[in-house]
Amino acid sequence: MMTVTGDALATLPVGDDLSPITVIGTEPIRQSFGGETLAQAINSRRAPGVSRVVLNPDAHVGYGAPVGCVMVSPTHIYPGPVGVDIKCSMSLLQMDLPADAIDSLPVRKKLIRAICKRVPTGAGRGQRHAPKSRRVDGKLGFQIATEGASKQVLKKLGISKSWADACEDASHTAPDGSSDTLAARLEWMGRTRDKLDRIESKYRQLGSYGGGNHFGEAEVVQLVDSQRAIADAFGLKDGCVAFLSHCGSRGFGHDLAVAQFRALKTVFQKQGLAFPAGDPQLVYAPVDSPEGRDYLCDMAMGANFATVNHLLINDLVLEAFREVFPGVRGDLIYFISHNIARQEPIDGQVQWVHRKGATRALPAGHSQLVGTRFESTGHPILLPGNPRDGSSVMVANAGAAAAAFSVNHGAGRRLSRTKAKKQLLQHEIDQGLAEHDVISNCSAYPRDEAPDAYKDFQEVLRSVRQAGLAEEVARLKAKFVIKDGAAADD
């Protein structure tokens, strides 16, 4: 039974003298959590080494742990609350193009064609499916996986080196702080011809969106008057066009994650260890064990891939806009992940913060922002809603500490993909988007990705504000969407 402690704050007891789960959500949002979601949250809190769990307003059933949860541990690493799309993330590119420049349908369709010639969409698709993509060979792919957005990598790809400063993490290393350790592990993985061919085929997915809930979206930026000073510091431009992207580490991260789940399950079986709550999806490893170090290496390589994937997509999108609007300028506002485990100071000690469908929310003055350009403001939080109701840029308050300095990563699913396809009508989806002047590259917008497949975004944002976690800086109004109608790979 939840105990309500505020308008949008509640706790869920788990027994066994453990601290309760923190629940973020207004009453309608709390009612949206099904029994299986709550059971996964309780199982996660009771799992070995876990010190804290937070359930965000977008929470729904996930792999072992709910999507939309935060799981904290000083000693253990859990692949489930990272997921198979390692470092799935959001990024926002701000341009100096006024909104009325893309009012006309012919202009938007021209932009869609220009982007799709450079950035492919769909599970398994990569550079060969887009004639104007930027090719990545095996040597550069290896460097990207082991170095992330290093100066050398960005120079080879023709991406502005300043964009690395707008990343939550521009690069990830092995637990020993070395990229050489990652290189040695990746070389070991690729020693057989079959494995090397498969790995190199995944490098060719750099600069692409996947399927499922991944997308690119042209936005009109609408600033919140009371937050204009912070918006200016972020680089947001009121009434101008921006581009919001959602994707991750594609097949490269997926293969690394699946191999890790398989390996860790084998370790449990050989050692006769019990899975938490009998759920093999909650498999874990102590961070200082060989298995824990191997997982952290693979997670780091997947994260490096995802980082460069986003930066390359943004550069290609800017190139596409310049094809239609020569001379347009653009800069990266921020790149932030929602499927990652990071070491952060929580409750007085450095712990591993697992965010599965949850995003970092560090306020002004936080120790991890010292020396960055966001030290005095807090960093941008990018929250996708849906193309009909908009998305949001927020900034954390000091109250975010109550949620392990985290917020939700978006609206969160209300309907499963199967139920959405059965219950939602295609003509109503298409009509609703048309009424809001939103077009897409899809002949028929995917029913399982329709706005009504997701929770009420306004209620989700209200939950975040009323819980004191963050404030809205800008609303993003969609003008067109780049998406894939193939099977989901999220």
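Residues numbered from 1 in each chain as written. Predicted model: local features only at pLDDT ≥ 70, side-chain atom pairs only at ≥ 80, totals over all residues. Heavy atoms only, no water.

**Some points on the sheet that holds strand S12 (residues 339-346)**
Then, number 1: Spatially, the 7 strands line up as an open sheet ordered S1-S2-S3-S4-S5-S13-S12, and their pairing is mixed. Two strands bound the open sheet, and with one partner strand each, they are strand S1 (3-6) and S12. For this sheet, the mean angle separating the axes of adjacent strands, direction not counted, is 25°. (Pairing = 2+ DSSP bridges. Helix = DSSP H or I, 4+ residues; strand = E, 2+ residues; numbered from the N terminus. Axes fitted to C-alpha atoms, helices over the stretch in contact; angles between N-to-C directions.)

**A few points about the packing of helix H3 (residues 105-116) against helix H10 (residues 290-324)**
Then, number 1: Axis separation between H3 and H10 bottoms out at 9 Å; the angle between their running directions is 135°. Taken together, H3 and H10 sit at an angle that is classed as oblique. The chirality of how H3 crosses H10 is right-handed. In contact with Lys-110, Leu-111, Ala-114 and Ile-115 of H3, H10 contributes Val-317, Ala-320, Phe-321, Glu-323 and Val-324.
Then, number 2: For the contact of H3 with H10, the class distribution of residues is 7 nonpolar, no polar and 2 charged. (Parallel < 35°, antiparallel > 145°, perpendicular 65-115°, else oblique. Left-handed = near helix turned anticlockwise from the far one by under 90°. Contact = heavy atoms within 4.5 Å. Nonpolar A, V, L, I, M, F, W, Y, C, P; charged D, E, K, R; others polar.)

**Notes on the pairing of strand S15 (residues 381-386)**
Then, number 1: The element S15 is extensively covered by neighbouring structure, given that 6 of its 6 residues are classed as buried.
Then, number 2: Hairpin connection from S15 to strand S16 (residues 390-396): 3 residues lie between these consecutive antiparallel strands. (Buried < 20%, exposed > 50% of the residue type's maximum accessible area, 1.4 Å probe, protein only.)

**Some points on helix H4 (residues 138-147)**
Then, number 1: Burial within H4 is extensive, with 7 of its 10 residues counted as buried.
Then, number 2: The set of residues buried in H4 consists of Gly-138, Leu-140, Gly-141, Gln-143, Ile-144, Ala-145 and Thr-146.
Then, number 3: The N-terminus of H4 is capped by Asp-137, whose side-chain oxygen sits 3.3 Å from the backbone nitrogen of Lys-139.
Then, number 4: Just beyond H4, the residue with positive phi is Gly-148, at close to 70°. (Polar contact = N/O pair within 3.5 Å; in protein donor to acceptor, adjacent residues only side chain to side chain.)

**Some words on the packing of helix H9 (residues 250-271) against H10**
Then, number 1: One way to put it is that H9 packs onto H10 with a least axis distance of 9 Å and a crossing angle of 170°. With respect to their mutual orientation, H9 and H10 come out roughly antiparallel. Along the contact surface, H9 presents Arg-250, Phe-252, Gly-253, Leu-256, Gln-260, Leu-264 and Val-267, while H10 presents Glu-291, Asp-294, Tyr-295, Asp-298, Met-301, Gly-302, Phe-305 and Asn-309.
Then, number 2: Looking at the contact of H9 with H10, its residues break down into 7 nonpolar, 4 polar and 4 charged.

**Examining the state of the cysteines**
Then, number 1: Tallying each qualifying case throughout the model produces 0 disulfides.
Then, number 2: With no disulfide partner, Cys-167 has as its closest neighbouring cysteine sulfur the one in Cys-247, 12 Å distant. (Disulfide = S-S within 2.5 Å.)

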